[in-house]
Amino acid sequence: MADNFLSIGGATVTSDNIYDFVDDLSDTPENVDTNSDYNNNDSDNVSEHSEHDTASEIHLSDQSDLSSDEIDSSSNGDTSYYYGRNSYKWAKNPPAPSRVRAQDIITQFPGLRGPALQSKPSNPLEAWSFLISSDMLASIVEHTNEKITDLSVNYGDNCTFVDHVTEIELKAFLGLLYLSGVFKSNHEDVDSLFSTGCLGTPIFRTTISKERFLFLLTAIRFDNHEIKEQKKASGDRLAAVSSLFNAFIANSIGNYTCSEYVTTDEMLVGFRGRCPFRMYMKAKPVKYGIKIMCLCDSKTYYLVNAFVYTGKMNEPNPRKLSISTRSVLALVEPIANSNRNVTGDNWFTSLELVGELKKLRLTYVGTMRKNKREILPQFQPNKNYEVDKSLFGFTRENTIVSYVPKKNKSVIMLSTMHHDNSVDQESKKPEIIAFYNATKGDVDALDQKCALYSSSRRCRRWPLVIWYAIMGIAIINSHIIFHAANPGVKKNRSDFMKELGMSLINEQLKLRFAIPSLSRELRLIISKALGTEITLQDPPRQEGRVVRRRCYLYPRSKDTKHSTVCAECHKAICKTHSLQQVICTSCKE
């Protein structure tokens, strides 16, 4: 399948007409904010991502006294080239057009791969299981039971909610977390969720007790304590959850192939507790949290690759590459040598990065900070430039453009995917900017989708916060896998999460239904949840008499017992709520 598929600039062509193909990127959004990167207040850290670093722009000497003609002229006397502050030379005219470049030909078919392709999932639970595998669940069960063993000594022998957890119960616990996200109840008080009144959520107390739910929130663990200490000693600051996170990323990579365009950016998972690598980013909604560097599919928002930023990288760096370049190179490993394009913001963009990506047969499009030495003085903001003015510079592999969206402002872009000075005639924006605006916000869109139906609960443990992030991303990725396997089925994410949550708790409901002492009310709720009909028998007889029970129409506070039952529903009833009929013996005959 991969050999018959070629995609150039987002379009599919065959090997017969490939050299006649002309790349067309004119189908781009019109209402876009091209000035967003000039006013970028991201707290992207320039050097080592320290907690309170903020991005700053260093403007060059003021060019406001020069005319447009003077600025356009070359300082070196050569009118065919521009020169940066480090004498980097850019041609004013684009290179001569040639046949389609090899870097624009995509030879890998986007869609399912690996286990997901071999056995296509037919329901949400199967799609989710490709990402949160049974091995991962077994690992959580093992390490959680180790913690439960340590915690159980603090409770009495008669305590009923400190037993070891099983995989069935763990799935039910995760299913309830997903359902709380669908109901927007992830921050609702637990007493309210498990309330027996009309405002409670019956599925929660039907599946598990409130005390057990709170105990599992306390006891859940993701790594062995001794191994964790060894990892921390070796420099792994993410030791408490690193094995689980790496397994999830490996499953995400191994079950889906992204499209020809990907985006790299950072996701901030909100957390204000104690964490050695907690970050502060003033441009993010949550401000404080754990930074996850992400690579996402620009068309589906599928998370292709990610890693948690834990501070300055300790890996060998003989070539002295910047942190931003090393971050991108770590993220693009799964798509290396695939001729795909990477879109990034101004923290990542540099000539160093595009040079390294070229070795991996990847192109790049992104905004540039104005303090880069390769940027031409003519491309800096200038009050004499008219609005919608575009200046281009070219090398054999790179294209730089400066666009003026408003007076005395400029947006500078670098691209190794575009090699001409094409400008949209309607919007007056360069084609590079239109492409960037169409692909730049994919990680932010993924973050927004995770926040919409978040399953995270308030906690003080950062490993659990990362696990909540894994659960949220797993929903997005499994939803995409499900639709890729079932193209004719349209299921929105809310319904997808509801079906997944109920599938995860079904086995636990069956076990609960078998408990003899379970109340009639919970039995009825379970029967509705499982979609089965049950017949409630008369109260069991003991030694020739009927067991006395409380009238079901009375509140629990009036705990009076009666032996009478309704002839229709077989529920215990008192004389006040029952009907009695007096008939003479003649009429009865």
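Structure first, text after, so check above.
Residues numbered from 1 in each chain as written. Predicted model: local features only at pLDDT ≥ 70, side-chain atom pairs only at ≥ 80, totals over all residues. Heavy atoms only, no water.

**Observations regarding the overall build of the protein**
- Helix and strand counts for the protein come out as 18 helices and 19 strands.
- With 589 residues in all, the protein has 49% of them scored as buried.
- Across the protein, the fraction of contacts at a sequence separation of at least 24, relative to all contacts at a separation of at least 6, is 65%.
- As presented, the protein carries roughly 29400 Å² of accessible surface, and 48% of it is formed by carbon and sulfur atoms. (Helix = DSSP H or I, 4+ residues; strand = E, 2+ residues; numbered from the N terminus. Buried < 20%, exposed > 50% of the residue type's maximum accessible area, 1.4 Å probe, protein only. Contact = heavy atoms within 4.5 Å. Areas by Shrake-Rupley, 256 points an atom, 1.4 Å probe, with all protein chains shown as cover.)

**Some points on the pairing of strand E13 (residues 390-394)**
- Counting buried positions over the 5 residues of E13 gives 4, a clear majority of the element.
- Pairing between E13 and strand E14 (residues 399-403): 5 bridges, direction antiparallel. Bridge pairing in E14 links Phe 392 to Val 401.
- Between the end of E13 and the start of E14, which pair antiparallel, lie 4 residues. (Pairing = 2+ DSSP bridges.)

**Some remarks on the pattern of salt bridges**
- The full count for this structure, using the stated rule, is 10 salt bridges.
- Lys 284 is the salt-bridge partner of Asp 444, the closest N and O atoms lying 3.8 Å from each other. With Asp 444 in helix H14 (residues 442-452) and Lys 284 in the loop between strand E8 (279-280) and strand E9 (288-297), the pair connects residues that are 160 residues apart, well separated along the chain.
- Classification of Asp 444 by relative accessible area gives partly exposed; the value is 38%.
- The exposure class assigned to Lys 284 is buried, which follows from its relative accessible area of 13%.
- One network of salt bridges, in which partners are shared, links Arg 319, Glu 356 and Lys 359. (Salt bridge = Lys/Arg side-chain N within 4 Å of Asp/Glu carboxyl O.)

**Describing the packing of helix H5 (residues 167-182) against helix H16 (residues 493-513)**
- Close contact between H5 and H16 brings their axes to 8 Å; oriented N to C, the two are set at 145°. Viewed along their axes, H5 and H16 form a crossing whose handedness is left-handed. Contact residues: Ile 168, Glu 169, Lys 171, Ala 172, Leu 174, Gly 175, Leu 176, Tyr 178, Leu 179 and Val 182 in H5; Ser 494, Met 497, Lys 498, Leu 500, Gly 501, Met 502, Leu 504, Ile 505, Glu 507, Gln 508 and Leu 511 in H16. (Axes fitted to C-alpha atoms, helices over the stretch in contact; angles between N-to-C directions. Left-handed = near helix turned anticlockwise from the far one by under 90°.)

**Some remarks on unusual backbone geometry**
- With phi around 65°, Lys 287 is a residue other than glycine that occupies positive phi space.
- When its relative accessible area of 30% is taken as the criterion, Lys 287 is described as partly exposed.
- With a phi angle near 60°, Asn 408 is a residue other than glycine that sits in the positive phi range.
- Here Asn 408 is to be found in the loop between E14 and strand E15 (411-415).

**Some thoughts on the nonpolar core**
- Phe 248, Trp 462 and Trp 467 are the most contacted members of the largest nonpolar core, which has 128 residues in total.
- Looking at which element gives the most residues to this core, the answer is helix H15 (residues 462-485), with 17 residues.
- Non-local contacts of Trp 462, meaning those with residues more than four positions away in its chain, are made with Arg 237, Leu 238, Ala 240, Val 241, Phe 271, Arg 274, Cys 275, Pro 276, Phe 277 and Ile 290.
- Within the second largest apolar cluster, 14 residues are counted, among which are Tyr 261, Val 411, Met 413 and Ile 433. (Core = buried A, V, L, I, M, F, W, Y, C linked by side-chain atoms within 4.5 Å.)

**What about the packing of aromatic side chains?**
- Taken as a whole, this structure holds 15 aromatic pairs when the rule is applied.
- Aromatic pair Phe 161 and Phe 215: ring centres 6.0 Å apart, planes at 65°, arrangement edge-to-face. Of the two residues, Phe 161 sits in the loop between helix H4 (134-151) and H5 while Phe 215 sits in helix H8 (residues 210-219), which places them 54 residues apart along the sequence.
- Among the aromatic residues, those joined into a ring-pair cluster are Phe 173, Phe 194, Phe 204 and Phe 213.
- Its end group placed over the ring of Tyr 309, Lys 291 keeps NZ or CZ at 5.3 Å from the ring centre.
- The positively charged end of Arg 523 is found above the aromatic ring belonging to Phe 513, 5.2 Å away from the centroid. (Phe/Tyr/Trp six-rings, centres within 6.5 Å; stacked < 30°, edge-to-face > 60°. Lys NZ or Arg CZ within 6 Å of the ring centre and 35° of its normal.)

**Things to note about H5**
- With 16 residues, H5 extends 23 Å from end C-alpha to end C-alpha; this agrees with the ideal 22 Å at 1.5 Å per step.
- In terms of residue burial, H5 counts as a mostly covered element, since 13 of its 16 residues are buried.
- Following H5 by one or two positions, Lys 184 has its phi on the positive side, about 60°. (Expected span 1.5 Å × (residues − 1).)

**Brief notes about the packing of helix H11 (residues 323-331) against helix H12 (residues 351-359)**
- Closest axis-to-axis distance for the H11/H12 pair is 9 Å, and the angle between their directions is 25°. In terms of orientation, H11 and H12 fall into the roughly parallel class. Handedness of the crossing formed by H11 with H12: right-handed. Of the residues in H12, those in contact with Thr 325, Val 328 and Leu 329 of H11 are Glu 352, Leu 353, Glu 356 and Leu 357.
- A class-by-class count of the residues in the contact of H11 with H12 yields 4 nonpolar, 1 polar and 2 charged. (Parallel < 35°, antiparallel > 145°, perpendicular 65-115°, else oblique. Nonpolar A, V, L, I, M, F, W, Y, C, P; charged D, E, K, R; others polar.)

**A word on the side chain of His 143**
- Mapped onto the elements of the fold, His 143 is located in helix H4.
- Each residue touching His 143, except ones within four places of it in the same chain, is listed here: Arg 221, Phe 222, Asp 223 and Asn 224.

**Description of the environment of Arg 272**
- Residue placement: Arg 272 occurs in the loop between strand E7 (261-270) and E8.
- Judged by relative accessible area, which is 58%, Arg 272 ranks as exposed.
- Spatially, the C-alpha atom of Arg 272 lies 9.5 Å from that of Cys 459, the residues being 187 residues apart in sequence.
- When residues no more than four places from it in sequence are discounted, the contact partners of Arg 272 are Arg 278, Val 286, Lys 287 and Tyr 288.

**Some points on the environment of Gln 378**
- Looking at the secondary structure, you find Gln 378 in the loop between strand E12 (363-367) and E13.
- Classification of Gln 378 as buried rests on a relative accessible area of 7%.
- Taking the C-alpha atoms as reference points, Gln 378 and Gly 84, 294 residues apart in sequence, are found 9.0 Å from one another.

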